[in-house]
Amino acid sequence: MNKFNLGDLLRSNIRAMKPYSSARDEYSGEAKIFIDANENPYGSEYNNPYNRYPDPYQLQLKEKISSIKGVPVENIFLGNGSDEAIDLLFKAFCYPYKDKVTLTPPTYGMYEVSAETNGTETIKILQTADFQPDVAKIKASISPENKILFLCSPNNPTGNCIEESIIVDMLESFPGIVVVDEAYVDFTSAASWTKKLDQYPNLVVLQTLSKAWGLANLRLGMMFASKEIISIINKIKLPYNLSGLTQEVVSKALDAEDKKNEYVQNILNERTRMVKELNELEIVQHIYPTDANFILAKFPNAREVYVHLLKHNIVVRDRSSQPLCEGCLRITIGTKQENDALIEAVKEL
Ligand SMILES: *Cc1c(COP(=O)(O)O)cnc(C)c1O
């Protein structure tokens, strides 16, 4: 049985602390004269109210995201990329030099970097040969100090989804927070775990606008979780973690969901073509099944292929030093022309 208890899991100093209270926290109603936040009263260089602090809780933007994702506003945190959300989870739950988290390599590198910067030990449990979490070993890693399990589905760099039954098993047996990172959710037909938030109080789902939406430059990551977890994260975040400019531009971009769907459709079509064409090449030993906007491809000599592609001005990601990814390059699906250039360059080998 799951002994999840949010109060026990939280660092006691975080539970006790009083959050920073901004001028807009203390008064957010209408008024004619605002001289409470030490802002410049005259305006700014651009014909925009950039002299005023932005909404610290990004309510308008959250309402849009809420209707797109079908998740209530109170279950949403927005951050400066998903990377901010990952960092805040460590700050909320992990006592430096005492607590631990479980990672399942090969996976996204930021979990480990964030653990390091927050003085948190990582327990690394290698995935099985078919790139699934090793359930028995993860269960054996459970301890009162083990606060967070990071799962990534579809996984970076392997591209596949984690089996639904495995995630359910983890949510039911892991007594800490179970993070399901869905950065690539738009490229899979598998349903989002946000639909299960009501069922699992320890579930945290991460998504981002950096991939399918084409907004990596703007830095907008989303965390979906119980309203209790979200209010803890809101308490410890930097007061104005998203600029007004970001909120404004992202909000506009979200009105073009059709455009996002068109990007995704193009990427999926190109992905199908690339898998087929790469599979026909002798030098390609294996293409792993993918549910993401990239392909993991195995070569007899990945480094040689990597360097050859560089000579053609093509940069892919060499993942061959990752466990279970020996000989593998990770290739993002580009435009048709970019993909053609890659195929032509590989053909030369
Ligand atoms: C790209 C990626 C992210 C996105 O991070 P942002 O900070 O939102 O740009 C998150 N998780 C995984 C697994 C990724 O591959």
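Calculation notes
Residues numbered from 1 in each chain as written. Predicted model: local features only at pLDDT ≥ 70, side-chain atom pairs only at ≥ 80, totals over all residues. Heavy atoms only, no water. Near = heavy atom within 4 Å. Polar contact = N/O pair within 3.5 Å; in protein donor to acceptor, adjacent residues only side chain to side chain. Areas by Shrake-Rupley, 256 points an atom, 1.4 Å probe, with all protein chains shown as cover. Nonpolar A, V, L, I, M, F, W, Y, C, P; charged D, E, K, R; others polar. Salt bridge = Lys/Arg side-chain N within 4 Å of Asp/Glu carboxyl O. Helix = DSSP H or I, 4+ residues; strand = E, 2+ residues; numbered from the N terminus. Buried < 20%, exposed > 50% of the residue type's maximum accessible area, 1.4 Å probe, protein only. Pairing = 2+ DSSP bridges. Contact = heavy atoms within 4.5 Å. Axes fitted to C-alpha atoms, helices over the stretch in contact; angles between N-to-C directions.

Chemist: Looking at this structure, I do not really get the site of the ligand. What am I missing?
Modeler: The full set close to the ligand counts 13 residues, and Tyr184, Thr208, Ser210, Lys211 and Arg219 are the nearest of them. With respect to the ligand, the backbone of Asp83 contributes an N or O atom lying 3.3 Å from an oxygen atom. Separating an oxygen atom of the ligand from a side-chain N or O atom of Lys211 is a distance of 3.2 Å. Contact with the protein chains hides 94% of the accessible area of the ligand, taken as 390 Å² for the molecule alone. Per-class residue counts for the shell around the ligand are four nonpolar, five polar and four charged.

Chemist: Mind showing me how you'd approach the pattern of salt bridges here?
Modeler: Two side chains with opposite charge may pair up if their charged atoms get near one another. Inspection of every chain in the model, using the stated rule, returns 18 salt bridges. Across the pair Asp255 and Lys64 runs a salt bridge whose closest N-O atoms are separated by 3.0 Å. Taken as a pair, Asp255 in the loop between helix H10 (244-253) and helix H11 (257-279) and Lys64 in helix H4 (residues 59-69) lie far apart in primary sequence, 191 residues in all. With relative accessibility at 56%, the residue Asp255 sits in the exposed group. The class of Lys64 is partly exposed, set by a relative accessible area of 25%. The closest approach of N and O atoms between Asp83 and Arg219, which form a salt bridge, is 3.9 Å. Of this pair, Asp83 sits in helix H5 (residues 82-93) while Arg219 sits in the loop between strand E6 (203-208) and strand E7 (221-224), placing them 136 residues apart in sequence.

Chemist: Is there a simple way to think about the sheet that holds strand E8 (residues 286-287) in this case?
Modeler: The strands making up a sheet are joined through hydrogen bonds of the backbone, oriented either antiparallel or parallel. A sheet is described by the order of its strands in space; here four strands give the open sequence E8-E9-E11-E10, paired in antiparallel fashion. Looking at strand neighbours, the two that pair on one side only are E8 and strand E10 (317-318), the edges of this open sheet. For strand E9 (residues 294-298) and strand E11 (residues 328-332), the ladder comprises five bridges, and the chain directions are antiparallel. Paired with Lys298 across the strands is Cys328, a residue of E11. Relative to the sheet, H11 contacts E8, E9 and E11, its axis offset from that of E9 by approximately 10°.

Chemist: Would you mind going over unusual backbone geometry with me for this structure?
Modeler: Most of the time, phi is negative for any residue but glycine, and the peptide bond is trans. In this chain, Pro105 is followed by Pro106 through a cis amide linkage whose omega measures 0°. Omega for the bond connecting Asn156 with Pro157 falls within 30 degrees of zero, at 15°, which places this linkage in the cis form. By secondary structure assignment, the location of Pro157 is in the loop between strand E4 (146-152) and helix H8 (164-173). With a phi close to 60°, Tyr97 is a non-glycine residue in the positive phi region. Along the chain, Tyr97 turns up in the loop between H5 and strand E2 (100-103). Of note, Leu324 is a non-glycine position whose phi angle comes to about 70°, a positive value. For Leu324, the location among the structural elements is in the loop between E10 and E11.

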